[in-house]
Every structure is written in C-alpha cells, then in structure tokens.
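Working through the structure, step by step
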Amino acid sequence: MSRQLVAFSDLRTAAYCPRKCYYQRRQDQDDREPPPSVESIRALSSRYADLLEADLETLAEEPFALEPAAYQRRLETTRDRLQADGQWERLCDPEVRNTLLTGRDCRGIVHKVLADPLEPVLVSTGKPPEQGVWEPQSVQAVAAAKALGWEHETPIERAWLEYPAYGVIRSITLTTRRKARYRRALRTVRGMDGPPARTSNRSKCEHCEFADECGVRTRTLRSLLGFG
Ligand code: SF4
C-alpha cells in the first residue's frame, strides 16, 4: 500500500493546532492560495545585495516590517554575522530556488536549496520570535530537510528560516527533539479522521480564521456573559 504524502504546510499547521489543520484540509485548494503580498515579501529574499546598497528613498515602497533605515541596519547585522560564518554568499546565491520536494512521507515547496552541504531554506513572510524559530516552522523545516535528504539519499543536518520582511535569517539543527516533533505532527495528520480537540493554548485562537466554525468565539462570548 502506498504511503500518504503529507504537505509540509499541513505539518506546520498541525504543529500549531491539529484542529486548525483539520479545517484547513477541508477547504478547497483555491481558497488556500496565498495573497499577492506573500510573493512580494518572499521576493525580498532574492534581493538582499540590492537592498543593502539602495538609498533609503527608493526603499520606501518595499514591504518591510521596519523603517527602511532600521531594516538596512538589521540586514547589515545579519550579513556580517553570516559572512563571518561563511554562509552569506550561499544564502544569496542558492543552488535552486522554489522547488517541489517529495520525500518518503511528505512533500512541499522549499524556497532555496543550498549546496555543500545540502540544506533547505524556507522563507517566512511573518515575524521571527525573539530567538530561534517558531515551533510550527521548525516542524516544517525538518519536513523539508527530510524530503531533501530522501531525494538525494543523504542525511541533512541543518535547515534555514529566512524572515525577509525583518531582515532576519536563522538556522536550526535537526536535533532528536525536533525530529520527534515532526514525527508527532506526521502521525497527527495521518491519523486525522474527525475534528481533533481544540488547542489548550487559547491565545492561538485569537488570529485563527476558523474561530467561528471551531466555536471558540461563541464560547468566549458565553464565558464573558457568565454562561460558559
Ligand atoms: S480557533 Fe483555536 S482551537 Fe479552533 S482551530 Fe483555531 S487555533 Fe485551533
């Protein structure tokens, strides 16, 4: 029997909230297309050299999350750190961009593939955490590394996350703990045959587009009114 290939994005969402993943998988594919702003932010990740050189006026229309001057300073810090580590050039000039990877268990798009050593890069349109990467993104990055490793029949030890709207680039190593979280998300998605329990971390529900369907908003209102 062939194995069900799980989308990287489903693993990321399942790591955030399995129930949200359930709702998302029921949506039409058309409704899951990213908005155009996503592409313009992702495109920043292929223009770092130009963005560092440009004068501030020409940067005014860029989809940065910071003022242009602050953005350039942040990106300079990122470049200096990664240059010292011998990583900057390979991140700016990857072997491959925007390619579909198919692994043993999962498949999806990676935004860059670096060579020597082989490593995947995911480009996030959002804000980075204070340190490291968000856990759902870590799960997605492990999935990407697993798929890349499967295609090339070689283990991958590291994956990268870029947050180009913020001028931040981070890497993660594939620790035992991270791989375990990835496997847990994979089991969750594969085992899903009805709506899973709601997340116990209700702060995650505040920006969830399925809050009404999930019943969280109604429940919160009932609680406020003293009926919950
Ligand atoms: S509203 Fe909360 S519990 Fe419901 S799907 Fe969204 S994140 Fe999960």
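Not measured: the values here are computed from a predicted model.

What counts, and where the lines are drawn
- Residues numbered from 1 in each chain as written.
- Predicted model: local features only at pLDDT ≥ 70, side-chain atom pairs only at ≥ 80, totals over all residues.
- Helix = DSSP H or I, 4+ residues; strand = E, 2+ residues; numbered from the N terminus.
- Rg over C-alpha atoms; globule rule 2.2 N^0.38 Å.
- Buried ≥ 20, exposed ≤ 12 C-beta atoms within 10 Å, placed from the backbone.
- Contact = placed C-beta atoms within 7 Å.
- Near = placed C-beta within 6 Å.
- Domains from an automatic or database assignment.
- Pairing = 2+ DSSP bridges.
- Right-handed = clockwise from strand over helix to strand, strands pointing away.
- Axes fitted to C-alpha atoms, helices over the stretch in contact; angles between N-to-C directions.
- Parallel < 35°, antiparallel > 145°, perpendicular 65-115°, else oblique.
- Nonpolar A, V, L, I, M, F, W, Y, C, P; charged D, E, K, R; others polar.

**Thoughts on the overall build of the chain**
Helix and strand counts for the chain stand at ten helices and six strands. Against the globule reference of 17 Å for 228 residues, the chain gives a C-alpha radius of gyration of 19 Å, in line with a compact fold. Principal-axis analysis of the C-alpha atoms places the extent of the chain at approximately 60 × 50 × 30 Å. Looking at the 228 residues of the chain, the share that counts as buried comes to 32%. Considering only residue pairs separated by 6 or more positions, the chain has 67% of its internal contacts joining residues 24 or more positions apart.

**Concerning the site of the ligand**
Among the 13 residues in the neighbourhood of the ligand, the closest are listed as Cys17, Arg198, Cys205, Cys208 and Cys214. Breaking the shell around the ligand down by element, the ones donating at least two residues are helix 2 (18-26) and helix 9 (211-214). Two domains each provide a minimum of three residues to the shell around the ligand, namely domain 1 (6-197) and domain 2 (201-228).

**Considerations on the pairing of strand 5 (residues 158-163)**
Strand 5 sits mainly inside the fold: five of its six residues count as buried. Pairing of strand 4 (residues 119-123) with strand 5, which is carried by three bridges, proceeds in the parallel orientation. Of the residues in strand 5, the one forming a bridge with Val121 is Trp160. Note on the crossover from strand 4 through helix 7 (residues 135-152) to strand 5: the handedness is right-handed. In this structure, strand 5 lies alongside strand 6 (residues 168-173), joined through six bridges in antiparallel fashion.

**Considering the packing of helix 1 (residues 8-16) against helix 2**
Packing of helix 1 against helix 2 leaves a shortest axis separation of 5 Å and a crossing angle of 140°. Considering their axes alone, helix 1 and helix 2 lie oblique with respect to each other. Where helix 1 abuts helix 2, its residues Asp10, Thr13, Ala14 and Tyr16 lie against Pro18, Lys20, Cys21, Gln24 and Arg25. Split into classes, the residues belonging to the contact of helix 1 with helix 2 amount to four nonpolar, two polar and three charged.

**Notes on the domain arrangement of the chain**
What the domain assignment lists for the chain is domain 1 (6-197) and domain 2 (201-228). Look at where the C-alpha atoms of domain 1 and domain 2 centre, and you get two points 29 Å apart. Taken together, the contacts link five residues of domain 1 with five residues of domain 2. Ranked by residues supplied to the side of domain 1 that touches domain 2, first place goes to helix 2 with three residues.

**Notes on the pairing of strand 2 (residues 96-102)**
As defined by bridge partners, strand 2 adjoins strand 3 (residues 106-114) across six bridges and the pair is classed as antiparallel. The residue bridging Leu101 from the neighbouring strand is Gly108, located in strand 3. Linking two consecutive strands that pair antiparallel, namely strand 2 and strand 3, is a turn of three residues.

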